[in-house]
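The residues making up each chain are set out below.
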Amino acid sequence: MTSTALRRIQKELRDIHNNPIENVVVETKEDNLFEWECIIIAESDSPYKGGKFKFTLSLPQNFPFKAPSVMFKTKIYHPGINEDGAICVPVLRDEWKPSVTLATVLSIIQEKLNNPSPDDPFEPDIAALLKNDKSKFLGTAKEWTKKYAM
């Protein structure tokens, strides 16, 4: 465990606790600051309204030089989150920079969850449905939210 990574994580956690992100809950595992348990509560104008979506944010030992990984534990009918729980956001892939804060990462994930887009999909079939039959997409998203996230 590198002390540089640990200091950065502790600072970022303090910043998040001092300036909480609305509808985002962050807890660390007691004995491991590199593993975060997070929850996003979907916004009222989101297709996932009322849902609580759990995910883990895992920080690599060489953080902040390598991006964290994110895995949703709650099933969600979303074009940018696959059935294994991986989320498709550029900041966690090729757009990662050590200057990106974890509060920014959480805000990007929250924005992606609340505003599904057919662009750059992880699930092309869901993206196609969102594009071509939005009401059917919204119905399925609502159904899955009730079934898995409430």
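Owing to the predicted nature of the structure, the values given are computational and were not obtained by experimental measurement.

(A) Examining the UniProt feature "domain: UBC core" (unreviewed entry) in the protein chain more closely. Summarizing the sequence annotation, UniProt attributes the feature "domain: UBC core" (unreviewed entry) to residues 4-150 in the numbering used throughout. Secondary structure across residues 4-150 divides into 35% helix and 18% strand, with the first and last C-alpha atoms of the span separated by 39 Å.

(B) Representation of a negative patch on the surface in the model. On the surface, a cluster of negative charge is contributed by Glu22, Glu43, Asp45 and Glu111. Position of glutamate 43 relative to the elements: it lies in the loop between strand E2 (32-41) and strand E3 (52-58). When its relative accessible area of 30% is taken as the criterion, glutamate 43 is described as partly exposed.

(C) Region of interest: the nonpolar core. Core analysis: the largest hydrophobic core is formed by 41 residues, its most contacted members being Trp36, Leu57, Phe72 and Leu106. Among the elements of the structure, helix H1 (3-18), strand E1 (24-29), E2, E3, strand E4 (69-72), helix H2 (102-114), helix H3 (124-132) and helix H4 (134-148) are those that each provide at least two residues to this core. A total of five residues in this core trace back to one element, the largest contributor, which is H2.

(D) The arrangement of the pairing of E4 in detail. Alternating positions in E4 separate cleanly, Val70 and Phe72 being buried on one face and Ser69 and Met71 remaining unburied on the opposite face. Note: E3 against E4, four bridges, orientation antiparallel. Note that in E4 the partner of threonine 56 across the bridge is methionine 71.

(E) Seen up close, the pattern of salt bridges. All chains considered together, the criterion is met by four salt bridges. Here arginine 8 and glutamate 12 are joined by a salt bridge, their closest N and O atoms 2.5 Å apart. Separated by four residues within a single helix, arginine 8 and glutamate 12 lie in helix H1, roughly one turn from each other. Each member of the pair, arginine 8 together with glutamate 12, is buried. Beyond isolated ion pairs, a larger network of salt bridges with shared partners links Lys29, Glu37 and Lys73.

(F) Seen up close, the sheet that holds E1. Strand order in this open sheet of four strands is E1-E2-E3-E4, and the pairing throughout is antiparallel. The strands lining the two open edges of the sheet, one partner per strand, are E1 and E4. The average undirected angle you get between the axes of adjacent strands in this sheet is 25 degrees. Where E2 lies against E3, seven bridges are found, and the strand directions are antiparallel. Paired with isoleucine 41 across the two strands is lysine 52, which belongs to E3.

(G) Representation of the side chain of arginine 8. Polar contacts involving the side chain of arginine 8 include one to the main-chain carbonyl oxygen of proline 98, which spans 2.8 Å. Those residues in contact with arginine 8, other than ones at most four positions away along the chain, are Phe63, Pro64, Pro98, Ser99, Val100 and Thr101.

So, how was this worked out
Residues numbered from 1 in each chain as written. Predicted model: local features only at pLDDT ≥ 70, side-chain atom pairs only at ≥ 80, totals over all residues. Heavy atoms only, no water. UniProt positions renumbered as here; feature names shortened; annotations may be inferred. Helix = DSSP H or I, 4+ residues; strand = E, 2+ residues; numbered from the N terminus. Patch = residues over 30% accessible without salt bridge, like charges linked within 9 Å, V, L, I, M, F, W, Y side chains within 5 Å. Areas by Shrake-Rupley, 256 points an atom, 1.4 Å probe, with all protein chains shown as cover. Salt bridge = Lys/Arg side-chain N within 4 Å of Asp/Glu carboxyl O. Lys, Arg positive; Asp, Glu negative; His and termini not counted. Charge placed at Lys NZ, Arg CZ, Asp CG, Glu CD. Buried < 20%, exposed > 50% of the residue type's maximum accessible area, 1.4 Å probe, protein only. Core = buried A, V, L, I, M, F, W, Y, C linked by side-chain atoms within 4.5 Å. Pairing = 2+ DSSP bridges. Axes fitted to C-alpha atoms, helices over the stretch in contact; angles between N-to-C directions. Polar contact = N/O pair within 3.5 Å; in protein donor to acceptor, adjacent residues only side chain to side chain. Contact = heavy atoms within 4.5 Å.

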